[in-house]
Amino acid sequence: MEIIIGNMAGFCGGVRNAVTKTEKELETNSQIDCLGELVHNKEVIQELEKKGLHTIQTIEEAKNKVIIRAHGIEKEIYEKAKEKEIELIDCTCPKVLNIHKLVQEYSEKGYFIVLVGESKHPEVIGTYSFCGEYKKQLSKQEEINQLVEEIVKSGKTNILVVAQTTFHGEKFELITKEIKEKLKEMLGDKLEIKIENTICNATALRQQETKELATNVDFMIIIGGRNSSNTNKLYEIAKQYGKGALLIENKSEIDIKDLSGVKTIGIMAGASTPEKSILDVVEYIKKES
């Protein structure tokens, strides 16, 4: 059995930055709070908790220094922390911070901001808070008609469209194409639309590599947290383009019987998946098959 591990599998730069910063802080602080999960991976969180990391859900719960997770937070939380004199260690992914600056800048210029992403994802919730008064979030094409109605009703003709950093690249292209076409029909030459593909390069490359792997192997295994947006996107792609796919968080979820008759396996992992988890899966398959 041949096992092919994707070159882009595992930690992205933003996650590595967040984990490294947190580990460094824990070397000199026995207890540190983190507002929400630092990254979407149980094994990573458990290891950090052993060293003194404590996950809280609201800034009001803070009793120590507070780590800002890789996904970022709402604008209002920064203000609350300042009022309460809570020291923040900002581990927000630099690419997410750049989107915060971008949408805030354009909202101040009077643009209507469209954020394409998953409504309940912490990154989207954080970014949306920087979008100003005229804004709309959507995640699928079925929501475009309502978006167009709201834009027309607002009287705005200058529009900025951005994406969650881990959104599905092909879906973003389809959504933005339809948004542009329908707004052009309604607003004509008055329309000024700026589309910024803010999907992280690492995310896009990981999705593309997953597609290529899936089409060239007998079976795909995607490793990562089930609450991880980018991991779930990889699984969707693997199912769409491959012959078979499995989403797991660790090696214990593999039933070796499912791999019976499989000659080639492709492995891809989400941006929050540590290298150890990937190697554990590979070793387990080799040992049991």
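Calculation notes
- Residues numbered from 1 in each chain as written.
- Predicted model: local features only at pLDDT ≥ 70, side-chain atom pairs only at ≥ 80, totals over all residues.
- Heavy atoms only, no water.
- 1 Å grid on protein atoms, 1.4 Å probe; cavity = no way out; pocket = protein on both sides within 12 Å on 5 of 7 lines; lining within 4 Å.
- Points joined across faces, edges and corners; volume = space filled by probe spheres on them.
- Helix = DSSP H or I, 4+ residues; strand = E, 2+ residues; numbered from the N terminus.
- Nonpolar A, V, L, I, M, F, W, Y, C, P; charged D, E, K, R; others polar.
- Buried < 20%, exposed > 50% of the residue type's maximum accessible area, 1.4 Å probe, protein only.
- Right-handed = clockwise from strand over helix to strand, strands pointing away.
- Phe/Tyr/Trp six-rings, centres within 6.5 Å; stacked < 30°, edge-to-face > 60°.
- Lys NZ or Arg CZ within 6 Å of the ring centre and 35° of its normal.
- UniProt positions renumbered as here; feature names shortened; annotations may be inferred.
- Contact = heavy atoms within 4.5 Å.
- Pairing = 2+ DSSP bridges.
- Axes fitted to C-alpha atoms, helices over the stretch in contact; angles between N-to-C directions.

Undergrad: Please explain empty space enclosed by the protein as it appears in this structure.
TA: Take a probe with the size of a water molecule and roll it over the atoms, and the empty space left behind shows itself. According to the stated counting rule, one finds 1 cavity of 30 Å³ or more in the structure shown. The computed volume of the largest cavity comes to approximately 260 Å³. Around the largest cavity, the lining comprises 23 residues; the ones closest to its centre are C12, V15, H71, T165 and T166. When residues of the lining of the largest cavity are traced back to their parent elements, those giving at least two are α1 (13-28), α4 (94-108), α8 (201-214) and α9 (229-241). Of the residues forming the lining of the largest cavity, the biggest block, 3 residues, is contributed by α8. Here the residues of the lining of the largest cavity sort into 9 nonpolar, 11 polar and 3 charged.

Undergrad: Is there a simple way to explain the pairing of strand β11 (residues 245-248) in this structure?
TA: For a regular strand, the rule is simple: side chains alternate between the two faces of the sheet. On β11, burial covers both faces: A245 and L247 on one face and L246 and I248 on the other are all buried. Remark: the strand β10 (residues 219-223)/α9/β11 crossover connection has right-handed handedness.

Undergrad: Which parts of the structure should I look at to understand the packing of aromatic side chains?
TA: Centre-to-centre distance and the angle between the planes together describe a pair of aromatic rings. Tallied over the entire structure, the rule returns 1 aromatic pair. Seen from their ring centres, Y106 and Y111 are 4.8 Å apart, and the 85° between their planes marks the pair as edge-to-face. The side chain of K109 reaches across the aromatic face of Y106, ending 4.6 Å from its centre.

Undergrad: Would you take a moment to explain the UniProt feature "binding site: isopentenyl diphosphate" (unreviewed entry) in the chain for this structure?
TA: In the numbering used here, UniProt assigns the "binding site: isopentenyl diphosphate" (unreviewed entry) feature to H40, H71, H121, S228, S229, N230 and S272. When only the residues just named are considered, the largest cavity is lined by H40, H71, H121, S228, S229, N230 and S272. With respect to the helices, strands and loops of the structure, N230 is situated in helix α9. Look at N230 and you get buried, because its relative accessible area is 8%. With near-sequence residues (within four places) excluded, N230 lies in contact with T166, G270 and A271.

Undergrad: Would you take a moment to explain the environment of T210 for this structure?
TA: With respect to the helices, strands and loops of the structure, T210 is situated in helix α8. Residue class for T210 comes out buried when judged on its relative accessible area of 0%. C-alpha separation for the pair T210 and E123, spaced 87 residues apart in sequence, amounts to 23 Å. Residue contacts for T210: discarding those within four places in its chain leaves M220, I222, L234, I237, A238 and M268.

Undergrad: What am I meant to see in the sheet that holds strand β1 (residues 2-5) here?
TA: Strands belonging to one sheet form pairs held by backbone hydrogen bonds; the direction of such a pair is parallel or antiparallel. Taken in spatial order, the 4 strands of this open sheet run β1-β12-β10-β11, and their pairing is parallel. A single partner strand is all that each edge strand has here, and the edge strands are β1 and β11. For this sheet, the mean inter-axis angle between neighbouring strands, taken without regard to orientation, is 20°. Taken together, the 5 bridges between β10 and strand β12 (residues 264-269) define a ladder with parallel strand orientation. The partner of I223 across the bridge, within β12, is A269. Most of the contacts of α9 go to β11, to which it runs at about 165°, and overall it touches β10, β11 and β12.

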